[in-house]
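As a plain string of letters, each chain reads:
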Amino acid sequence: MRVLALGDLHALFPTLWRILRKEGAATPDLRPTEEVLSGRLRVVLLGDLVHPKTLEDYQLLTGFTLFDPENPHHLQAAARAQIRELFRLKRFQEEAQGQVTILLGNHDEAVVRGAPLLGNRHLAHKEFHPELGGLELPQALKAWMAGFPRELVLSGVHFAHVGPVPWLQSYDELFYASSEPKTWWFLTPDYVERMGYRFGVYGHTPMKEGVLIKERLALIDALDLGQYLKLALGEEVALEVGRV
């Protein structure tokens, strides 16, 4: 089985479609290829579809030279751009007949629930908060995203947004108060083996130097660098870092 795994999207839709076309998963008109429909190629997105990471990414998304995260006009433009692309991705997944899995990221769940307001001291993601000047995510997209699984296992390889243990897949108050979601992979990497998986593929922690491959796991939140992971699952797990 060949698997194409992409880390946290954060509204980098042009990068997503460029990768899917390059790897033979999407046609020029952004539909699933026969390679995907036949099951010869599985696609796994690790979640966090929404919320650009930086002001520069918001500028690219909206076309505003200086994106103002306090300006309702700018926020609504950011929301509309993401909504348009989310509907396109939803169609792609539905047409793929079960061969494209999108996992639930904490940013996705926050948008579906309407809370918490995510961000940092430099940038708050307000575009899907109508009470703050943004737009409501359409119900069809909320229902679609609410149905995303939190994990996937293929031939003994585990995929999740954050990590292999249940408490790293529950985005509650403890999740946001703890440092473990960002540190487990170097403090307790044996979680993967203890959970019975032969390998694990995770996102959530930005990899500023690119995709990181360790003995039993890979951290692949590196789409902003144009990097993703290709896996061949047989008796052994063969890995290759893809680049665009």
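Here we summarise the structure given alongside this text.

Conventions and cut-offs
- Residues numbered from 1 in each chain as written.
- Predicted model: local features only at pLDDT ≥ 70, side-chain atom pairs only at ≥ 80, totals over all residues.
- Heavy atoms only, no water.
- Helix = DSSP H or I, 4+ residues; strand = E, 2+ residues; numbered from the N terminus.
- Buried < 20%, exposed > 50% of the residue type's maximum accessible area, 1.4 Å probe, protein only.
- Contact = heavy atoms within 4.5 Å.
- Lys, Arg positive; Asp, Glu negative; His and termini not counted.
- Charge placed at Lys NZ, Arg CZ, Asp CG, Glu CD.
- Core = buried A, V, L, I, M, F, W, Y, C linked by side-chain atoms within 4.5 Å.
- Axes fitted to C-alpha atoms, helices over the stretch in contact; angles between N-to-C directions.
- Parallel < 35°, antiparallel > 145°, perpendicular 65-115°, else oblique.
- Left-handed = near helix turned anticlockwise from the far one by under 90°.
- Nonpolar A, V, L, I, M, F, W, Y, C, P; charged D, E, K, R; others polar.
- Pairing = 2+ DSSP bridges.
- 1 Å grid on protein atoms, 1.4 Å probe; cavity = no way out; pocket = protein on both sides within 12 Å on 5 of 7 lines; lining within 4 Å.
- Points joined across faces, edges and corners; volume = space filled by probe spheres on them.

**Remarks on the overall build of the protein chain**
Inference 1: If you tally the helices and strands in the protein chain, you get 9 helices and 10 strands.
Inference 2: In terms of its C-alpha atoms, the protein chain occupies a principal-axis envelope of roughly 55 × 40 × 30 Å.
Inference 3: Residues classed as buried in the protein chain amount to 54% of the 244 residues present.
Inference 4: Partitioning the intrachain contacts of the protein chain with sequence separation of at least 6 by distance along the chain shows that 62% fall at a separation of at least 24.
Inference 5: Computing the positive centroid from 26 side-chain charges and the negative centroid from 31, the protein chain places the two 4 Å apart.

**Topic: the nonpolar core**
Soluble, globular proteins show a tendency: their nonpolar side chains are buried together.
Inference 1: Formed by 71 residues in total, the largest nonpolar core has its most connected members in L49, F159 and V201.
Inference 2: With residues up to four places along the chain from it excluded, the contact list for V201 reads A5, L46, V157, H158, F159, A160, A218, I220, L229 and L231.
Inference 3: L61, L75, A78 and A81 belong to the second largest nonpolar core, which has 7 residues in total.

**A few points about the packing of helix α3 (residues 55–62) against helix α4 (residues 72–95)**
Packed helix pairs are characterised by how far apart their axes lie and by the angle those axes make with each other.
Inference 1: In the contact formed by α3 and α4, the axes pass within 9 Å of each other and the chain directions differ by 70 degrees. Taken together, the axes of α3 and α4 lie roughly perpendicular to each other. Judged by the sense of rotation from one axis to the other, the crossing of α3 with α4 is left-handed. Facing Y58, L61 and T62 of α3, the residues of α4 in contact are H74, A77, A78, A81 and Q82.
Inference 2: Grouping the amino acids of the contact of α3 with α4 by side-chain chemistry returns 5 nonpolar, 3 polar and no charged.

**A word on the sheet that holds strand β2 (residues 41–45)**
Inference 1: Strand order in the open sheet formed by 5 strands is β3-β2-β1-β9-β10, with mixed pairing between adjacent strands. Each edge of the sheet is formed by a strand with only one pairing partner; in this case those strands are β3 (100–102) and β10 (237–243). Neighbouring strand axes in the sheet, compared pairwise and without regard to direction, differ in orientation by 20 degrees on average.
Inference 2: Where helix α1 (residues 13–22) meets the sheet, it contacts β1 (2–6), β2, β9 (227–233) and β10, and its direction lies at approximately 165 degrees from that of β1.

**A word on empty space enclosed by the protein**
Inference 1: Across all of its chains, the model carries 1 cavity of 30 Å³ or more by this definition.
Inference 2: What the largest cavity holds in volume is close to 40 Å³.
Inference 3: The wall of the largest cavity is formed by H51, A110, V111, P116, L117, L118, H125, F128 and H129.
Inference 4: Each residue belonging to the lining of the largest cavity can be placed in one class, and the counts come to 6 nonpolar, 3 polar and no charged.

**What about unusual backbone geometry?**
Inference 1: Here A115 and P116 are connected by a cis peptide whose omega angle stands at -5 degrees.
Inference 2: Topologically, P116 is positioned in the loop between α5 (106–113) and α6 (139–146).
Inference 3: Phi angles above zero are rare outside glycine, and L30 is one such case at about 65 degrees.
Inference 4: Positive phi values are uncommon outside glycine, yet D48 reaches one of about 50 degrees.
Inference 5: Tracing the backbone shows D48 in the loop between β2 and α3.
Inference 6: With a relative accessible area of 2%, D48 lands in the buried category.

**Quick look at the pairing of strand β8 (residues 217–221)**
Across a regular strand the side chains alternate sides, sitting on one face of the sheet and then on the other.
Inference 1: Burial runs high along β8: 5 of the 5 residues are buried.
Inference 2: With burial as the criterion, each face of β8 is covered, one bearing L217, L219 and D221 and the other bearing A218 and I220.
Inference 3: As paired strands, strand β6 (residues 199–206) and β8 are joined by 4 bridges and run parallel to one another. Following the sheet pairing, Y202 is matched in β8 by L219.

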